Amino acid sequence: MVTNRTWGDRVFNVFLYVFMIFMAAITLYPFLNVLAISFNDSVDSVRGGIHLWPRQFTLNNYREVFTYPTLVRGFYISSLRTIIGTALGVLSSAMVAYVISCEEFIARKFVSGLFILTLYFSGGLIPEFMLVRKLGLMNNFWVYILPGLIGGWNVFVLRAYIDTLPVNLKESAKLDGANDLTIFFRIILPLCKPVLATVALFIAVGQWNSWFDTFLYASSNPDLTTLQYEMMRIMQNTAMSSTASMYGLTAANAPRISPESIRMTITVVATLPIVAVYPFLQKYFVKGLTLGAIKG
Amino acid sequence: MRKLYNQRYLILMSLPFVIWVILFKYVPIWGWTMAFQEYKPHRTFFEQHWVGLAHFRTLFQDPMFYEVMRNTLAMSFLSLLCGYTLPIIFALLLNELRDGLFKRFVQTVSYLPHFVSWVIVAGMFSRLLGVGGAVNEVLMSLGIVDKPVLFFAKGEYFWALVTSIDVWKEIGWNSIIFLAAIMAVDEDLYDAAAVDGAGRFRRMWHVTLPGISTVIAIMLIMSIGNLINIGFEKQFLLGNNLVKEYSEVIDLYVLNYGIKIGRYSYGTAIGIFKSVISIILLFTANRVIQRFNVEGRVL
Amino acid sequence: MKRIIPLSLCLLLIVGLIGTNVLAAENDPLVLTMFSGDINPDDTGFEDPIAKKITEATGVKLKMEYPVGEYEQKVTLMIASGEYPDLIFHKNAGPFVEAGAFIDLTPYIEEYGENIKDLYGPYLNRLRYSIDDPSIYFLGSFGVGSKTWDVSGVQLQHAVAKELGYPKMETVQDLEEALKAYIEKYPTINGQPTIGLSLLADDWRFLITVTNQAVFATGGPDDGEWYIDPETYEAVLHHTRPEEREYFRWLNHMNDIGLLDPESFIQKYDQYLAKIASGRVLALTDARWQYEQAEQALRQAGMFERTYGSYPIVLNENFRRADLQDPGYSAGWGIGITVDCKDPVAAFKFLDWMASDEAQILNNWGIEGVNYEVIDGKRVIPPEEMNRRLNDPTYRKTTGVGLYVYPFPQRGDGLLDPTGNTYTITTPDYIKDRYSDVEREVLSAYGVEMWMELFPQQEELPIKTWGAAWQIPTPEDPKYQMAWQRIQDIIKRRIPEAILASPEQFDAIYDKMLAEIDDAGLAYVEEKFNELLQNRLKHWGIVE
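Rules used in this analysis
Residues numbered from 1 in each chain as written. Chains lettered and ligands numbered in written order. Predicted model: local features only at pLDDT ≥ 70, side-chain atom pairs only at ≥ 80, totals over all residues. Heavy atoms only, no water. Helix = DSSP H or I, 4+ residues; strand = E, 2+ residues; numbered from the N terminus. Rg over C-alpha atoms; globule rule 2.2 N^0.38 Å. Buried < 20%, exposed > 50% of the residue type's maximum accessible area, 1.4 Å probe, protein only. Contact = heavy atoms within 4.5 Å. Areas by Shrake-Rupley, 256 points an atom, 1.4 Å probe, with all protein chains shown as cover. Buried area = accessible area lost by both parts, 1.4 Å probe. Salt bridge = Lys/Arg side-chain N within 4 Å of Asp/Glu carboxyl O. Polar contact = N/O pair within 3.5 Å; in protein donor to acceptor, adjacent residues only side chain to side chain. Core = buried A, V, L, I, M, F, W, Y, C linked by side-chain atoms within 4.5 Å. Domains from an automatic or database assignment. Pairing = 2+ DSSP bridges. Axes fitted to C-alpha atoms, helices over the stretch in contact; angles between N-to-C directions. Right-handed = clockwise from strand over helix to strand, strands pointing away. pLDDT = per-residue confidence, 0-100. Phe/Tyr/Trp six-rings, centres within 6.5 Å; stacked < 30°, edge-to-face > 60°. Lys, Arg positive; Asp, Glu negative; His and termini not counted. Disulfide = S-S within 2.5 Å. Patch = residues over 30% accessible without salt bridge, like charges linked within 9 Å, V, L, I, M, F, W, Y side chains within 5 Å.

A few words now on the overall build of chain B. From N to C terminus, chain B includes 15 helices and two strands. For a compact globule of 299 residues, the expected C-alpha radius of gyration is about 19 Å, and chain B comes in at 24 Å, more than 25% above that figure. When burial is assessed residue by residue, chain B has 54% of its 299 residues classed as buried. Counting contacts in chain B only where the partners sit at least 6 residues apart, residues at least 24 apart contribute 68% of the total. Counting only carbon and sulfur atoms, one obtains 65% of the accessible surface of chain B, whose full area is about 13,400 Å².

The following block contains the structure:
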């Protein structure tokens, strides 16, 4: 019996590691490919056939992207909105999630209904635009934070997690005279670290990647454009100059870096900072952190 | 009254967010009136021409609408079937790895494709599955086929292709939430199971899975509500003229027959239709899941 | 004394402040905001040398905004908000005019518009909005009175022409035979299978390499999706012409005999380019700007015989290509002054200055003594400057040369200024200079110096009195737009299907397509479009 189990375990382990190495390989490939093309001569890349290593190494693609002076400020704005948006977003979502997880709360169904429904409809582009204008948020930094502060999805993910926590924790705290605000900050938040880290990641990635709100609400303020927006602009500029000769506009134009190479380069520049966040959040993914901490 | 007073903290904690959600999510709903108008942006609300249900009639009389609905639902169901279950399995397996560098590495790497845009991914796969691509070379050298297969030329393959590529791209990303949920499973339960002589599969089945069932249930309910909100980017970029009958989805239809030609009214009408379907799906899923006596509901 | 010093300092400061204020008021240029419907990839924030010259001459500085997302969305939101910048360069006047966003420029042209009158000349009348509304809301973009020396035609590798001893290359039959003969000799190129003809159908590119080519091969000019009968001025959806069915039948036949790339309808743009850059695609039916990147890669790899020549291929001897036909001037897109403009007179004077000879030369040639020189009354670009212009990707950005030609009022290629020099730098010599040696060899074997000489010349072709039909704005009519979109969708599906079908099935599928197009509301669309066309012709005084 015992030997049988360890034998099974060993087979399982071999399978598990082989499978995981396979997964890592197939999911790592696209990024390495993008990296390789971004370091390859753009004219040569048109020929295709580049996989994991550049064929004609060059830094020209990066040089082209970094000629845009707006990049540094874009990076700053993007970081700022990611940090502020994530902090406020996580806190707000968690608070709503806590409130709607309290069975005794009289407006529980109302509040949770209010939030779940937002997942499935929207007023549309024009009314949202008009609202932002009326609120004076046009060309204002807070337009990046306020309209998307809470995502319904995150609220219910958090709530699902809170629901799995033992009820008696809260009861005993109540008996000790703690109010809901204290319970939320002192007990619930510390217990929710893994899911808070997850939601923080979701919000941060969303904040970092968004460019459409810049296009809609802040494109006439060059001090507020984000990195992703600037990247979109570079992409369009490159695509434009390669089709510009369609109108005979650039008869005297020099050959440029191809849009495909620029796209790869931009992918690297714009995603590396946010991709690097995950490994740091992983330290919150620790088993036994939750209940063990309480019991101890 | 006393009850209200007792719950003053809860009310205080929710009030600002209730105001927020009403202001930013419910006020713009006035835009739904556009569905009953022939909306022109330069006219004020009172100058708009009202057309009643004309847009809905156009929609339901359009044979193309039924085609895009079929494609949307087919691809959504497939993606619910695979794109929802596989990340759970992946998370369970990942959890079986010993904590350490390798686990972190796989975890981080598996979520990378999420950050590569669909344009790039589509390019990659059409090369991979193209005439001189790796897949065809392998099939040919193994003698399975004698002529390269044009995978993207066959409408019948399209749904499966999109679903598989989507699973590959998002499996790591979608598993993160389940990994987080696993962290909340009580360690003692594993020890108890081990004492009972349960193997790893049985522990996964009897401890881990029930431990995250609430999260699974809630995510499932929300995903079912979202079935019709499929987006169009991946289908559009992976598709081509030969497979349009299978690749065009409702969101692309909205773009091509609504927004792109300035018909915001028509786009809004379809938006309302989609919202209604979503909400029906949501309530149904919520009901059904509760029948199974699983904890976890959205309402 | 001690007191006087701070006091006088204060005074100095105040005087200084006032002084600088006054000076600033005099020197500060008027900043005009402008929304440009097309991106300027080299935008410098109006800080380059040419922009500074423009500000010097006009006292105006432009603050530009471009649509980084969808142009239509930006426009809709701008109109919904009712707030406009000072100037707008639009790509479809309809929504703006309907919203009353533009002011009528007619009185301004009368009073301040000497240069504009001169630049548009006989076409000034075409700037009037419509037969019912004769206001001039915007100044048309694109060169007025342009000549073309550069044609795309149908492309064949130089290697094929050379190998086969420069055969007659006039009809699709000639092309087909050449491809067949060459592939028989060389079934592979660099170890990979040789491809006869490859098409590209990635999204809108389908129009460029597939459907437009059917019009061109049957003697039609580029009128978008329309064909306009030059005698009766009647417009038909071009795919419905029987002769185009024959062109598509030829493609079907090419597929049947294996000369058509089986990936034609599924490959993405980058795959297509990679294939061409590998040197194994013998022929294309494309526009140069689309395959140019791949040709660049071939040149860089030294594979000059694998680059392409442009041939006037037609369906059969009864047709002649109209690539060089003079489209007249259409004025579909352009710059207008909005009702919110803070100083319409200044804005107009600025636009008028941009139309002046001084501005045209500045924008096209650059600054005299810096970017070009005048030698014996002739404008010349010194060789090293020319080299930078052709090879330095930052040239436009650093010098500003060429940045403000489009979308402002602009003289066409080949027009001469009062000193006898061309306004733009594009000339036949300029094009010839860029040919490779192999290209010159092939050209001389066909007895010409430029590809365009192989084509029916502009003088042999009647002027397109109706301008370019694709610049006729689509009506803001839901029924029309809906039907139009549906028709496009049907064509995108059925034409590839028909081409890839077995030859016996071709007609059935083509007939099915025509029937589906009819059902989608072709009659309505054609009627509406002909109405618009007739209005334009009446408006331009071409028909009564």
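Attention now moves to the interface of chain C and chain B. Opposite the 30 residues of chain C that make contact, chain B presents 36 residues. Summed over both sides, the interface between chain C and chain B buries roughly 2,900 Å², with carbon and sulfur atoms accounting for 55% of that surface. Connecting chain C to chain B are five salt bridges. Its salt-bridge partner being Lys40 of chain B, residue Glu98 of chain C comes within 3.8 Å of it at the nearest N-O pair. For the interface between chain C and chain B, the tally reads eleven residue pairs in polar contact (both at pLDDT 80 or more). Elements with a contribution of two residues or more to the side of chain C that touches chain B: helix H3 (71–81), helix H11 (269–277) and helix H19 (478–500) of chain C. Considering each element in turn, the side of chain C that touches chain B owes the most residues, twelve residues, to H19 of chain C.

Below, the discussion takes up the interface of chain A and chain B. Facing 94 residues of chain A, the contacting portion of chain B comprises 89 residues. For the interface between chain A and chain B, the tally reads zero salt bridges. Where chain A packs against chain B, one counts 13 residue pairs in polar contact (both at pLDDT 80 or more). Tallying contributions element by element places helix H1 (residues 2–38) of chain A first for the side of chain A that touches chain B, with 19 residues.

Within the largest apolar cluster, 188 residues are counted, with the highest numbers of intra-cluster contacts made by Tyr98 and Phe115 of chain A together with Phe178 and Tyr253 of chain B. Ranked by residues supplied to this core, first place goes to helix H8 (residues 155–182) of chain B with 15 residues. Ignoring sequence-local partners within four residues, the contact set of Phe178 of chain B consists of Tyr84, Pro87, Ile88, Ala91, Ile212, Val215, Ile216 and Met219 of chain B.

The next subject is the domain arrangement of chain C. The domain boundaries assigned to chain C delineate domain 1 (29–147 + 329–399) and domain 2 (154–323 + 437–469). Using C-alpha coordinates to define each centre, domain 1 of chain C is positioned 35 Å away from domain 2 of chain C.

This part covers the sheet that holds strand S11 (residues 281–284) of chain C. Adjacent strands of a sheet pair through backbone hydrogen bonds, lying either parallel or antiparallel. Residue and element names in this part refer to chain C. Spatially, four strands are ordered S8-S11-S5-S12 in an open sheet, and the strand pairing comes out mixed. Two strands bound the open sheet, and with one partner strand each, they are strand S8 (195–198) and strand S12 (308–311). Here the strands of the sheet are splayed against their neighbours by 30° on average, with no regard to which way each runs.

By secondary structure assignment, the location of Phe115 of chain A is in helix H5 (residues 108–117). Spatially, the C-alpha atoms of Phe115 of chain A and Leu135 of chain A are 22 Å apart, while their sequence positions differ by 20 residues. With residues up to four places along the chain from it excluded, the contact list for Phe115 of chain A reads Val96, Ile150, Gly152 and Phe156 of chain A together with Phe17, Trp20 and Val21 of chain B.

Let's shift gears to the pairing of strand S1 (residues 30–36) of chain C. Residues and elements named next belong to chain C. One ladder, built from six bridges, connects S1 with strand S2 (residues 60–65); its direction is parallel. Bridged to Leu32 within S2 is Leu62. For the crossover that starts at S1, traverses helix H2 (residues 49–58) and ends in the parallel S2, the hand is right-handed. One ladder, built from three bridges, connects S1 with strand S3 (residues 87–90); its direction is parallel. Among the inter-strand pairings, Met34 is bridged to a residue of S3, identified as Leu87.

Residue and element names in this part refer to chain C. Scored by pLDDT, chain C has a mean of 89; 95% of the residues are at 70 or more. Confidence over residues 5–25 falls short of pLDDT 50; this stretch has one contact with residues more than four positions distant or in other chains. Note on the complex model: pTM 0.87, ipTM 0.88.

Counted according to the given criterion, the structure contains 62 aromatic pairs over all chains. Aromatic pair Phe60 of chain B and Phe273 of chain B: ring centres 5.6 Å apart, planes at 75°, arrangement edge-to-face. Of the two residues, Phe60 of chain B sits in helix H3 (residues 54–61) while Phe273 of chain B sits in helix H15 (residues 264–291), which places them 213 residues apart along the sequence. Taking relative accessible area as the criterion, Phe60 of chain B reaches 35% and is therefore assigned partly exposed. Taking 6.0 Å as the distance between ring centres and 55° as the angle between the ring planes, the aromatic pair formed by Tyr120 of chain C and Tyr329 of chain C counts as tilted.

Here we come to the side chain of Asp133 of chain C. Residue and element names in this part refer to chain C. By secondary structure assignment, the location of Asp133 is in the loop between helix H6 (114–120) and strand S4 (139–140). Buried Asp133, no salt bridge; nearest opposite-charge side chain is Arg128, N-O distance 8.0 Å. Side chain to side chain, Asp133 and Ser135 meet in a polar contact 2.7 Å long.

Here, disulfide denotes a covalent bond that connects the sulfur atoms of two cysteines. Residue and element names in this part refer to chain A. Under the counting rule described, the total for this entry stands at zero disulfides over all chains. Cys102 forms no disulfide, and the closest cysteine sulfur to it belongs to Cys192, at a distance of 12 Å. A residue is classified by how much of its surface remains accessible, and Cys192, at 2% relative accessible area, is buried.

All chains considered together, the criterion is met by 49 salt bridges over all chains. Glu83 of chain C serves as the salt-bridge partner of Arg133 of chain A, at 2.7 Å between the closest nitrogen and oxygen. Taken as a pair, Arg133 of chain A in helix H6 (residues 125–134) and Glu83 of chain C in the loop between H3 and S3 lie in two separate chains rather than in one. Among the salt bridges present, the one from Asp118 of chain C reaches Arg411 of chain C, with a minimum N-O distance of 2.9 Å. Of this pair, Asp118 of chain C sits in helix H6 while Arg411 of chain C sits in the loop between helix H16 (395–399) and helix H17 (428–432), placing them 293 residues apart in sequence. Assessed through its relative accessible area of 9%, Arg411 of chain C is described here as buried. What emerges from the salt-bridge pattern is a single network uniting Arg245, Glu246, Arg249, Asp507 and Asp511 of chain C.

A cluster of nonpolar side chains, namely Ile22, Val27, Trp30, Phe45, Phe46 and Trp50 of chain B, defines an oily patch on the protein surface of about 650 Å² accessible area. With respect to the helices, strands and loops of the structure, Trp30 of chain B is situated in the loop between helix H2 (8–26) and strand S1 (37–38).

Residue and element names in this part refer to chain C. Residue Pro407 follows Tyr406 across a cis peptide bond; omega there is 5°. Assignment of secondary structure puts Pro407 in the loop between H16 and H17. A positive phi is found at Phe46, a non-glycine position, where the angle reads about 60°. Looking at the element boundaries, Phe46 is found in the loop between S1 and H2. Looking at Phe46, the relative accessible area reads 4%, which means it is buried.

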